[in-house]
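A look at the structure
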Amino acid sequence: MSGIDYSEKIPNNVNLSEDRALQRALEQWQPSYLDWWRDMGPSGSQGLDVYLRTAVSVDPQGWAQFGYVKMPEYRWGIFLGAAQTDRRIHFGDHKGEPAWQDVPGEHRANLRRIIVTQGDTEPASVEQQRQLGLTAPSLYDLRNLFQVNVEEGRHLWAMVYLLHKYFGRDGREEGEALLERRSGQQDNPRILRAFNEETPDWLSFFMFTYFTDRDGKFQLCALAESSFDPLARTTKFMLTEEAHHMFVGESGVARVIRRTCELMNELKTDDPARLRAAGVIDLPTIQRYLNFHFSVTIDLFGADESSNAATFFSSGLKGRFEEGKRDDDHVLKGQTYQVLALQDGQLVEKEVPLLNALNEVLRDDFIRDSVAGVDRWNKVIEKAGIPFRLKVPHKAFHRSIGALAGAKVSPSGRLLSQSEWQAHVDQWLPSASDRALVMSLMGRVVEPGKFANWIAPPATGINRQPADFEYVRFN
Ligand SMILES: [Fe+2]
Ligand SMILES: [Fe+2]
């Protein structure tokens with residue numbers, strides 16, 4: 001079951017050839033997907049030979065094979081994680097019943113919405129990142145960008161497979177619509193706000209893959225608990241791909257920081273103007289990018305109080321992060337959770353039913369996980385002997401969704417007046433001049449083993465290749 005059949009038009013491990021109607025429907029969707037890739041995939045990349053990994057098995061060990069691929073010829077396919085025999089529902093009102101191999105009628109609309117919302121983020125990020133290849137700081141980074149892009153494309157395939165197989169005509173229509181929406185477009189945008197923001201430069205890209213792909217990890221982990229077994233198995237395999245995306249983000253930001261610290265020590269200065277003149281990104285600017293991406297990403301978890309979240313959990317559609325490792329009753333009725341609220345001009349903690357607060361629970365799990373990487377970035381600064389520390393902003397900072405939407409709160413959590421906010425916002429979020437500075441540093445470096453001035457080389461290559469390996473061939 002874990003082996004993948006590459007002899008077919010659509011590589012898969014789901015015995016696609018045994019379901020002719022489904023196979024035909026997906027083979028009809030395939031050219032539309034490739035058209036979308038040509039239009040909205042990485043700019044100017046069609047003819048490049050890229051050293052990419054391709055899945056050859058869904059086993060945790062050794063699933064990847066590396067080789068040069070022209071991206072339009074990448075073998076996108078349908079890979080489900082191994083089936084678990086006699087899998088049972090382990091949370092919510094159906095706890096103890098067998099997991100569903102098909103979609104129960106009463107949960108059809110909600111499941112479809114969950115799958116479409118997840119599916120929509122995948123092509124969105126490819127669209128957001130499509131110009132980055134033109135300013136890649138090295139071949140190593142260019143290859144990593146493309147790896148992330150082809151895998152987000154495959155994640156779209158994963159969701160479209162579920163839509164086609166389990167949702168009939170509605171599902172096929174959703175599959176088409178996923179190729180029609182466009183990130184940032186006025187009349188037909190992507191569904192979620194963070195996926196309509198631009199990713200114009202590489203610092204944004206690294207922050208995005210660190211924070212926003214990590215949102216993906218938490219959403220996928222919650223769906224990997226689902227009672228709808230095909231969704232659980234699909235998302236389990238997607239998670240193995242997601243790990244690399246977050247690695248690209250974490251190591252990318254770490255390398256930017258390392259290079260800045262080198263220059264700070266060399267020039268014996270922490271003056272942003274001097275560092276910028278020397279062609280690196282000063283630490284306060286990195287902090288502002290962090291503030292932006294963190295705050296926009298935590299909005300993705302949705303409103304802090306949500307009856308939908310309660311329904312999704314109780315009906316068994318979406319669990320909590322690591323549901324199986326928690327030692328409560330997994331039904332959660334009658335329990336409470338603390339959320340933040342605005343009351344009489346103050347931020348206060350408020351107790352609400354736990355089931356209604358499950359978006360907040362997932363957001364808090366995400367925050368704990370993302371803080372750990374920020375601590376690792378701080379180790380780089382500390383090792384350079386520089387007395388500066390990065391910090392994730394307060395949960396209420398710069399929020400657009402839920403009870404805190406629109407509240408003016410400083411990164412340290414102080415409630416502000418509109419005028420105080422205006423007076424300080426350029427210290428907290430990237431200003432137009434920050435963005436212009438970062439953009440001005442971007443320039444394509446294509447000589448093997450060379451890196452742009454603003455970023456340090458990685459500790460090791462991909463697939464243990466040497467530093468000067470030719471990750472992308474321009475022919
Ligand atoms: Fe993804
Ligand atoms: Fe991702």
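Our structure is the block above this text.
Residues numbered from 1 in each chain as written. Chains lettered and ligands numbered in written order. Predicted model: local features only at pLDDT ≥ 70, side-chain atom pairs only at ≥ 80, totals over all residues. Heavy atoms only, no water.

1. Topic: the overall build of the chain
Along the backbone of the chain there are 12 helices and five strands. The C-alpha radius of gyration computed for the chain amounts to 23 Å, which stays within 12% of the reference 23 Å derived for 475 residues, consistent with globular compactness. For the chain, the spread of C-alpha atoms along the principal axes amounts to about 65 × 65 × 40 Å. Relative to its 475 residues, the chain shows a buried fraction of 58%. In the chain, 72% of the contacts between residues at least 6 apart in sequence involve partners at least 24 apart. (Helix = DSSP H or I, 4+ residues; strand = E, 2+ residues; numbered from the N terminus. Rg over C-alpha atoms; globule rule 2.2 N^0.38 Å. Buried < 20%, exposed > 50% of the residue type's maximum accessible area, 1.4 Å probe, protein only. Contact = heavy atoms within 4.5 Å.)

2. Re the sheet that holds strand 2 (residues 64–70)
Hydrogen bonds between backbone atoms are what pair the strands of a sheet, whose relative direction is either parallel or antiparallel. Here three strands make up an open sheet; going across it, the order is 2-1-5 and the pairing antiparallel. Taken across any chain shown, the strands that pair with only one partner, and hence form the sheet edges, are strand 2 and strand 5 (472–473). Pairing of strand 1 (residues 49–55) with strand 2, which is carried by seven bridges, proceeds in the antiparallel orientation. Looking at strand 2, one finds that Leu52 is bridged to Gly67. (Pairing = 2+ DSSP bridges.)

3. What to know about unusual backbone geometry
Residues other than glycine seldom take positive phi values, yet Asp86 does so here, at roughly 55 degrees. As for its placement among the helices and strands, Asp86 is situated in the loop between strand 2 and helix 2 (108–128). Residue Asp86 is classed as exposed on the basis of its relative accessible area, which comes to 59%.

4. Considering the side chain of Asp299
Mapped onto the secondary structure, Asp299 falls in the loop between helix 8 (283–298) and helix 9 (307–314). Judged by its relative accessible area of 5%, Asp299 falls in the buried class. Those residues within four positions of Asp299 in sequence are excluded, and the remaining contacts are Arg193, Arg363, His398, Arg399, Ser400 and Ile401.

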